[in-house]
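Listed here are the chains, written in short residue letters.
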Amino acid sequence: MSATVSFPVPTPQGPRTVTVSYARVGRGEPLLLLHGIGHHRQAWDPVVDILATERDVIAVDLPGFGASPALPEGLTYDLTTTAAVFRAFCETLGLDRPHAAGNSLGGLMALELGREKIVRSVTALSPAGFWSQAERRYAFAVLLTMRRIARGMPLPLVEKLARTVVGRTALTSTIYARPGRRSPEAVVAETLALVNARGFDDTLRAGTSVLFTDDIPGIPVTVAWGTQDRLLLRRQGVRAKRMIPRSRLVRLPGCGHCPMNDDPALVARVILDGSR
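What you see is a predicted model, and the numbers here were worked out from it, not measured in a lab.

A. The arrangement of the environment of Val-60 in detail. Tracing the backbone through its elements, the reader meets Val-60 in strand S4 (residues 55-60). Spatially, the C-alpha atom of Val-60 lies 22 Å from that of Leu-231, the residues being 171 residues apart in sequence. Those residues in contact with Val-60, other than ones at most four positions away along the chain, are Val-20, Ser-21, Tyr-22, Leu-32, Leu-33, Leu-34, His-35, Arg-41, Phe-86 and Phe-89.

Here it is in structure tokens:
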């Protein structure tokens, strides 16, 4: 089921109304799914049906991405705001400490929700925030280049490229190790999501100084990294394990930065195992 919800989020200048678009399906304990920068909730489509057999799955368009409007004036795209927004989102939907799984930016956000004890478990797939400054600059340069190229391409060209495996590889090989597995329609939709991401620039600006430097005691944490991740290199997973020593570090063989597409069965199993 696809829906939108609006709710107040406190700021020093008073409450601001945030609107979030999400899709909800399945039965069981609630599980939030948080996508990466420039993406949208449909990034999770390859694994949603598997997860929904055991979880009440809530796949969210982050504010300023997908179908969710940008954050209102007075709220910034930082981790403090992330915690406030999703605390209010969970309260509005009646979610009592759901599980959370996130990819890239969404993985970092899921870890922040774990640190704030808003969620009961975290599965982070190639999360941001464990980079060196050189690795961060590299990742940001790649993301900016991807967006510039996408914004410069007319829609008919994107649609033409998406119809072939070679074209889908050209459009998405930075984030997928197996881009041929993504459907033409999905590749067109996520290219448009990157073009139209209202929160993209502000999120990058907020991320220039972000490092995740805290342990997360008291809840299960899984960190998983694709062995073919070309955006956030897999050695960052070792840093995450050092920072969160009780976490489970999982390698995802043959998977890229967004592993949900590359091996849906494996990723779904990792998320389900991590949210027991």
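B. Structural view of unusual backbone geometry. For Ser-104, which is not glycine, the phi dihedral falls at a positive 60°. When you line up the elements, Ser-104 lands in the loop between strand S5 (99-103) and helix H3 (105-115). Positive phi, normally seen in glycine, also occurs at Lys-117, with a value near 60°. Secondary-structure assignment places Lys-117 in the loop between H3 and strand S6 (121-125).

C. Spotlight on the packing of aromatic side chains. Within this structure, the stated rule accounts for five aromatic pairs. Plain terms: the ring middles of Phe-86 and Phe-89 are 5.9 Å apart, the flat faces sit at 70° to each other, and that makes the pair edge-to-face. Taken together, the residues Phe-86 and Phe-89, both in helix H2 (residues 79-93) and three residues apart, mark about one turn of the helix. Of the two residues examined, Phe-86 and Phe-89, each falls in the buried class. Site record: aromatic cluster; members linked through ring pairs are Phe-7, Tyr-22, Phe-86 and Phe-89. Against the face of Phe-140 rests Arg-136, its NZ or CZ located 4.9 Å from the ring centre.

D. Fine view of the environment of Leu-192. The topology assignment puts Leu-192 in helix H7 (residues 184-195). Taking C-alpha positions, Leu-192 is 9.2 Å from His-39, a pair spaced 153 residues apart along the chain.

E. Fine view of the sheet that holds strand S2 (residues 16-26). Strand order in the open sheet formed by eight strands is S1-S2-S4-S3-S5-S6-S7-S8, and the pairing between neighbours is mixed. Each edge of the open sheet carries a strand with a single partner, namely strand S1 (2-9) and strand S8 (248-252). Pairs of neighbouring strands in the sheet enclose a mean axial angle of 25°, with direction left out of account. Here S5 runs beside S6; their pairing, made up of five bridges, is parallel. Its bridge partner lying in S6, Gly-102 is registered against Ala-124. Relative to S4, helix H1 (residues 45-52) is tilted by about 155°, and along the sheet it contacts S2, strand S3 (29-34) and S4. Packing against the sheet, H3 makes contact with S3, S5, S6 and strand S7 (221-226), and its axis sits at approximately 150° to S5.

F. Spatial organisation of the side chain of Asn-261. Note on placement: Asn-261 falls in helix H10 (residues 259-262). Note on Asn-261: relative accessible area 5%, which makes it buried. Among the polar contacts listed, one links the side chain of Asn-261 to the backbone nitrogen of Arg-182, at a separation of 3.5 Å. Polar side-chain contacts of Asn-261 include one of 3.3 Å to the side chain of Asp-262.

G. Region of the structure containing the pairing of S2. Bridging between S1 and S2 involves eight bridges; their strand directions are antiparallel. Looking across to S2, one finds that Thr-4 is bridged to Ser-21. Between the antiparallel neighbours S1 and S2 lie six residues, among them Gly-14 with a positive phi of about 110°. Where S2 meets S4, five bridges bridge the pair, whose relative direction is antiparallel. By the bridge assignment for S4, Tyr-22 is matched with Val-60.

H. A look at the state of the cysteines. The full count for this structure, using the stated rule, is zero disulfides. With no disulfide of its own, Cys-255 has Cys-258 as its nearest cysteine by sulfur position, at a separation of 11 Å. By relative accessible area, which is 5% here, Cys-258 ends up buried.

Rules used throughout
Residues numbered from 1 in each chain as written. Predicted model: local features only at pLDDT ≥ 70, side-chain atom pairs only at ≥ 80, totals over all residues. Heavy atoms only, no water. Helix = DSSP H or I, 4+ residues; strand = E, 2+ residues; numbered from the N terminus. Contact = heavy atoms within 4.5 Å. Phe/Tyr/Trp six-rings, centres within 6.5 Å; stacked < 30°, edge-to-face > 60°. Buried < 20%, exposed > 50% of the residue type's maximum accessible area, 1.4 Å probe, protein only. Lys NZ or Arg CZ within 6 Å of the ring centre and 35° of its normal. Pairing = 2+ DSSP bridges. Axes fitted to C-alpha atoms, helices over the stretch in contact; angles between N-to-C directions. Polar contact = N/O pair within 3.5 Å; in protein donor to acceptor, adjacent residues only side chain to side chain. Disulfide = S-S within 2.5 Å.

Such coordinate-based values are descriptive only and should not be taken to indicate function.
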